[in-house]
Amino acid sequence: GALRIHQRVLDATFAREGGVDALEEALEALADAAVSAVGAGAGVLLISDLGATWERPPMPSLLALRAVVNRLNREGLRLRASVVLEAGDLRGAHAVACAIGFGATAVAPHLAQRMARARAHRSLGDLSPAEAEAHLNRGLEGGLLKIMSKVGISVVRSYQSSKLYTPLGLDAGLVSRWLPGLTSPVGGLALTDFAAAILAREPGTKPAREYRLKEHGKELKGERHAMTAGRSRVVHALVDDATSDAERAALWQTYLDRPGPSRLSHLLQPRPARQPVALADVEPASAIVRRFGSGAMSFGALSARAQRDLFVAMRRLGARSNSGEGGENPYYYVDGTCASTKQVASGRFGVTAEYLVSGSEIEIKMAQGAKPGEGGQLMGVKVSEAIAKARHASPGVPLISPPPQHDIYSIEDLRQLIDELRELSPGVPIVVKLVAGKGVGTVAAGVVKAGADVVQVSGGSGGTGAATLSSMMHAGLPWEIGLVDVHQTLVAQGLRRNVTVRVDGGLHTGEDIAVAAALGAEEFGFGKLLLVAQGCIMARVCEKNRCPRGIATHAERFLDKYVGTPEHVVRLLTTLAEDVRRHLAHMGLRSLGDAVGRTGLLRANPAFQRLVAQRGLDLSWFLDGTHFVPGPALPRRRALTSPLGERVALDCGISVDKGAPVTLRYDIQSTDRAVLTRLAGDLARRSHHLRMQALRDGEGPDHRAHTLPPGTVDLHFSGSAGQGFGAFLVEGVRVTLEGEANDHVCKGISGGDVAVRPPADVRFAPESNVIVGNGALYGATGGRVYVRGVAGDRFAVRNSGAEAVVEGVGLHACEYMTAGAVVVLGGASANVGAGMTGGTVYLRDNQVEQLNEEYVEAGPVGDDGELRGLVEAHAARTGSATAAAMLADWPAAVTHMRRCTARPR
């Protein structure tokens, strides 16, 4: 007969008359009832607060869920029943995600659903109540999927009971009992506090007021921010050219006056010294600002003028500026103004060798700073022709970086990228940007061991203006927690002196910087604060391309409203540095470096002692840390990643300088990693210097005019190449590898011609055997690559201009492709072209089923000279039997090929 599943409803309410202790008793009774129900054969447990009344208020649903799940786990019964949570406090995607993440099989947000139905006719136009509820459900489901995607989980079953959360503001005892396995770094509210808050509600309170809802599930009351519209107006007056020094000093005092704490660091305060030093004896502001840097804000996120002014201002101060993953504005090609720090993200825009060598520092972005798991996002409305060109993309198409980097799946992959960047730009510091999160200290230790010179810890305040509201409210941890974890872990492992630690995420005052330094930071980053100095009025429409101050927009009607200047930014940061000096003098210190890592210089802020006590917060996480002063950095011996690569660069040096042709041959083995990358860096620097000289001489910015002619350097290799063969290759180099290669062949190439083919005397069929590893052509923007053999997974991910021919590919080929052409002559695996928005992929007709049809559509080749030209080049460069057979009967061969392009979106 049919399978019958018995359901038992568990009442998630408690008796008001029992007082604050009644909640704990009710939770235990709820758990007992769950065990009894499962023992009696119930296959579904429905935890419900539908029966809530004034006399029996509802339990916090997450605690009710955990009481049941924890008890079932202890009794070994959890797998015998599904647990469904029906609760009125499930208001938004974050609450739903928490319920699933902490063990619920399904959820029923009954109050939110009833309110959606009730509001259908009043405020939702022509929607019926059922349609309004369906819209809400789809929104909650979409939000849950978005949250899952941030941590790389694709199915709900894998997210269920994952507990991928960090409690903030919860008592350690409550967490250990109801959320076992998690830690609450700063303590907080206990169970009795929650019970008291529930019981304190006014008599007759209606559920709609108990669980106040607004659009997107946001609480009506909102949350406190450190930078408000009123505070921004003070900054505007402070940086104004007409403001006198006396007025500026008064305005700064007004700016420092904040009504209450908006982040954890505000609960701390520099401890006054018994013997303060004279202000004149403290290092000058000019030395302090050299520790400052602007945030990673790309051309696209910002207007060309706004980004350029940041670069100019930071250069005047001797501070850092950051290109962001989306790159730099067109002024780079007009007057040479560019960022000092070049960011390398997940390949969502083309990272070329010349872009990288034009900076004095390279930053590897492992995640969106303030929003871990988010990719940097640019809405389609902001992707103009100029921005699309800068990012190697298509106008009007949204640009979303994949949260995971497709060339970094392990600490070894990160080490490989660091080594490749060192080969490209010897002596240039490598930064790895991490986010404040659970266990980030352990990650930072691995990053340092992988060879990074700088670790940046970004906090959960700020971040991409295009982040979803749920991400802005719930994603990311305070920088204070991440910084302490990183600093103390590195100290404990004896690694702290090997690296510089930076922090950013809402630093606004000299006190913020002094506290951050004492917690372990040596350098400091600013984002929103600098935009406010440029005129930002906190309109919060960054992603809509209609910034009323012309900062985060490219619409002509708003650009003329921009009033910012480099002087405004310089003035604000200089004022901030002077404020740091006053705090240092008060602390008895002569330099900001003297404060680094010395938590004994801090104390609990006496102004907020009552608040700390009321919330049950424990500040020992910050105040009982390791006392450590970094001191002089230890000398770092950097082993040469690729002696063969160094040899190739030296052998080609004279010819490159003269532009004379050269042909060279080498044997290669798997320990030779990033071969050709040193040569690519030399050629890119040559091209960059020639281009900048041409700009200074008043000539045009044509890139090709300053590169070597194709094939000037002709290199032949025999053997098995290691990781990163040909990474970041540039124009002017022709390479032939007879043998095979490991992962990341030609990653990030912007030019050149590379052929990988087996030796002539091989006994296997080259067309059906793997010859290059995973991630080949990752983030390529140009060049030509011919592979006689099968490539591994993720071939040509985010290809943005390269041409390639390959005999077969693994999973996820051509993912996020925006330009260029890829020909697959043989077999393909699933998910070809996922996220593809441009370019062309040619597949055999029997492989079209491997396409991701959501993004790509297939059609006939037709009279397409591009395909024939690529196949002819492949045959000539590799001796491919498949290509030769196709060319021998081209009309018939074309009928078995399909031209695959991105679907219109």
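Here, the structure is the one placed above.
How each quantity is defined
- Residues numbered from 1 in each chain as written.
- Predicted model: local features only at pLDDT ≥ 70, side-chain atom pairs only at ≥ 80, totals over all residues.
- Heavy atoms only, no water.
- Helix = DSSP H or I, 4+ residues; strand = E, 2+ residues; numbered from the N terminus.
- Rg over C-alpha atoms; globule rule 2.2 N^0.38 Å.
- Buried < 20%, exposed > 50% of the residue type's maximum accessible area, 1.4 Å probe, protein only.
- Contact = heavy atoms within 4.5 Å.
- Lys, Arg positive; Asp, Glu negative; His and termini not counted.
- Charge placed at Lys NZ, Arg CZ, Asp CG, Glu CD.
- Phe/Tyr/Trp six-rings, centres within 6.5 Å; stacked < 30°, edge-to-face > 60°.
- Salt bridge = Lys/Arg side-chain N within 4 Å of Asp/Glu carboxyl O.
- Axes fitted to C-alpha atoms, helices over the stretch in contact; angles between N-to-C directions.
- Parallel < 35°, antiparallel > 145°, perpendicular 65-115°, else oblique.
- Left-handed = near helix turned anticlockwise from the far one by under 90°.
- Expected span 1.5 Å × (residues − 1).
- Pairing = 2+ DSSP bridges.
- Polar contact = N/O pair within 3.5 Å; in protein donor to acceptor, adjacent residues only side chain to side chain.
- Nonpolar A, V, L, I, M, F, W, Y, C, P; charged D, E, K, R; others polar.
- Right-handed = clockwise from strand over helix to strand, strands pointing away.
- Core = buried A, V, L, I, M, F, W, Y, C linked by side-chain atoms within 4.5 Å.

Regarding the overall build of the protein chain
Each helix and strand in the protein chain was counted, giving 30 helices and 29 strands. In terms of overall dimensions, the protein chain is globule-like: its C-alpha atoms have a radius of gyration of 30 Å, near the 29 Å expected for 905 residues. Considering only C-alpha atoms, the protein chain reaches an extent of 90 × 90 × 55 Å along its principal axes. When burial is assessed residue by residue, the protein chain has 57% of its 905 residues classed as buried. Put simply, 64% of the contacts in the protein chain that link residues at least 6 apart link residues at least 24 apart. Charged side chains of the protein chain number 100 positive and 93 negative; the gap between the two group centres comes to 4 Å.

Quick notes on the packing of aromatic side chains
Taken as a whole, this structure holds 6 aromatic pairs when the rule is applied. Seen from their ring centres, Phe-292 and Phe-526 are 4.9 Å apart, and the 75° between their planes marks the pair as edge-to-face. Of the two residues, Phe-292 sits in strand 8 (residues 292–296) while Phe-526 sits in strand 17 (residues 523–526), which places them 234 residues apart along the sequence. Take Phe-292: its relative accessible area is 0%, and that puts it in the buried class. Overall, Phe-526 belongs to the buried group, its relative accessible area being 2%.

Some remarks on the pattern of salt bridges
Overall, the coordinates contain 36 salt bridges when judged by the stated rule. The salt bridge partner of Arg-673 is Asp-419, with a shortest N-O separation of 3.2 Å. Here Arg-673, found in the loop between strand 19 (662–668) and helix 27 (677–696), pairs with Asp-419, found in helix 16 (residues 411–424); they are 254 residues apart in sequence, far enough to count as distant. Among the salt bridges present, the one from Asp-714 reaches Arg-734, with a minimum N-O distance of 4.0 Å. A residue pair is termed long-range when its members are at least 10 positions apart, and Asp-714 in strand 20 (residues 713–721) and Arg-734 in strand 21 (residues 733–741) qualify at 20 residues. Through salt bridges with shared partners, a single network forms among Glu-24, Glu-28, Asp-32, Arg-71 and Arg-177.

Re the packing of helix 10 (residues 229–239) against helix 11 (residues 245–256)
How two helices sit against one another is set out by the angle between their axes and by the gap between those axes. Viewed as axis vectors pointing N to C, helix 10 and helix 11 meet at an angle of 165°, and their least axial separation amounts to 9 Å. As far as their axial angle goes, helix 11 and helix 10 are roughly antiparallel. Our pair here, helix 10 against helix 11, has a crossing hand that is left-handed. For the pair formed by helix 10 and helix 11, the contact residues are Arg-231, Val-234, Val-235, Ala-237 and Leu-238 on the first element and Arg-248, Leu-251, Trp-252, Thr-254, Tyr-255 and Leu-256 on the second.

Observations regarding the environment of Ala-134
Residue position: Ala-134 is located in helix 5 (residues 129–150). In this structure the C-alpha to C-alpha distance between Ala-134 and Val-770, which are 636 residues apart in sequence, comes to 48 Å.

A closer look at helix 11
Here helix 11 is 12 residues long and its end C-alpha atoms lie 17 Å apart, about the 16 Å a rise of 1.5 Å per residue gives. Of the surrounding secondary structure, the elements contacted by the buried residues of helix 11 are helix 10, helix 21 (528–533) and helix 23 (566–587).

A short note on helix 3 (residues 93–101)
With 7 of 9 residues buried, helix 3 lies mostly within the body of the structure. The set of residues buried in helix 3 consists of Ala-93, Val-96, Ala-97, Cys-98, Ala-99, Ile-100 and Gly-101. Two residues or fewer after helix 3 comes Gly-103, characterised by a positive phi angle close to 125°.

A few points about the sheet that holds strand 1 (residues 6–11)
Across the sheet, which stays open at both edges, the 4 strands sit in the order 1-2-3-4 with parallel pairing between neighbours. Taken across any chain shown, the strands that pair with only one partner, and hence form the sheet edges, are strand 1 and strand 4 (106–108). When the angles between neighbouring strand axes are averaged without regard to direction, this sheet yields 25°. Where strand 1 and strand 2 (residues 42–48) come together, 6 bridges link them in parallel fashion. Across the sheet, the residue bridging to Gln-7 is Val-44, located in strand 2.

Focus: the side chain of Arg-320
Note that Arg-320 resides in strand 9 (residues 320–322). One polar contact links the side chain of Arg-320 to the main-chain carbonyl oxygen of Arg-291, over a distance of 3.3 Å. At a separation of 3.5 Å, a polar atom in the side chain of Arg-320 contacts the side chain of Glu-523. When residues no more than four places from it in sequence are discounted, the contact partners of Arg-320 are Arg-290, Arg-291, Phe-292, Gly-293, Ser-294, Met-314, Ser-340, Thr-341, Glu-361, Arg-502, Glu-523 and Phe-524.

Concerning the pairing of strand 29 (residues 897–902)
Relative to strand 29, strand 27 (residues 840–844) is paired through 5 bridges, and the arrangement is antiparallel. Its bridge partner lying in strand 29, Thr-840 is registered against Thr-901. When strand 28 (residues 856–860) meets strand 29, the two strands line up antiparallel, connected through 5 bridges. When the sheet's bridge partners are listed, Ala-858 is paired in strand 29 with Cys-900.

Comments concerning the packing of helix 28 (residues 865–878) against helix 29 (residues 881–888)
At a closest axis distance of 8 Å, the pairing of helix 28 and helix 29 adopts a crossing angle of 135°. Classified by the angle their axes make, helix 28 and helix 29 are oblique. For the element pair helix 28 and helix 29, the recorded crossing hand is left-handed. Here helix 28 contributes Arg-868, Val-871, Glu-872, His-874 and Ala-875 to the contact with helix 29, which in turn contributes Ala-883, Met-886 and Leu-887. Class assignment for the residues of the contact of helix 28 with helix 29 results in 5 nonpolar, 1 polar and 2 charged.

Examining the environment of Met-587
Turning to its location among the elements, Met-587 is positioned in helix 23. The buried category is assigned to Met-587, whose relative accessible area is 4%. Sequence-wise, Met-587 and Leu-531 are 56 residues apart; in three dimensions their C-alpha atoms are separated by 30 Å. Excluding residues that lie within four positions of it along the chain, Met-587 makes contacts with Pro-270, Arg-271, Ala-273, Ala-514 and Leu-601.

What about the pairing of strand 8?
In terms of burial, strand 8 is largely enclosed, as 4 of its 5 residues are buried. With 3 bridges joining them, strand 8 and strand 17 adopt parallel strand pairing. What sits directly across from Phe-292, in strand 17, is Phe-524. Once you follow strand 8 into helix 13 (residues 304–317) and on to strand 9, the crossover reads as right-handed.

Comments concerning the nonpolar core
Core analysis: the largest hydrophobic core is formed by 169 residues, its most contacted members being Phe-292, Phe-524, Leu-715, Phe-717 and Phe-795. Among the elements that make up this core, the one with the highest residue count is helix 23 (10 residues). Apart from residues lying up to four places away in sequence, Phe-717 is in contact with Leu-644, Val-648, Tyr-666, Ile-668, Val-675, Leu-676, Phe-725, Val-735, Thr-736, Leu-737 and Glu-738. Membership of the second largest hydrophobic core comes to 53 residues, among which are Ala-26, Tyr-165, Leu-170 and Ala-195.

Description of the environment of Ala-444
On the secondary structure map, Ala-444 appears in helix 17 (residues 440–449). Along the sequence, Ala-444 and Ala-306 sit 138 residues apart, while their C-alpha atoms lie 32 Å from each other.

Description of unusual backbone geometry
Despite not being glycine, Lys-163 shows a phi value in the positive range, around 55°. Along the polypeptide, Lys-163 turns up in the loop between helix 6 (156–159) and strand 5 (169–170). Of note in the backbone geometry, Cys-814 takes a positive phi value of approximately 60° without being a glycine. Here Cys-814 is to be found in the loop between strand 25 (800–808) and strand 26 (819–824). Residue Cys-814 is classed as buried on the basis of its relative accessible area, which comes to 1%.

Remarks on the side chain of His-266
Inspection of the secondary structure puts His-266 in the loop between helix 11 and strand 7 (268–270). Its relative accessible area of 1% is what places His-266 among the buried residues. A polar contact of 3.0 Å, which involves the side chain of His-266, links it to the backbone nitrogen of Ser-262.

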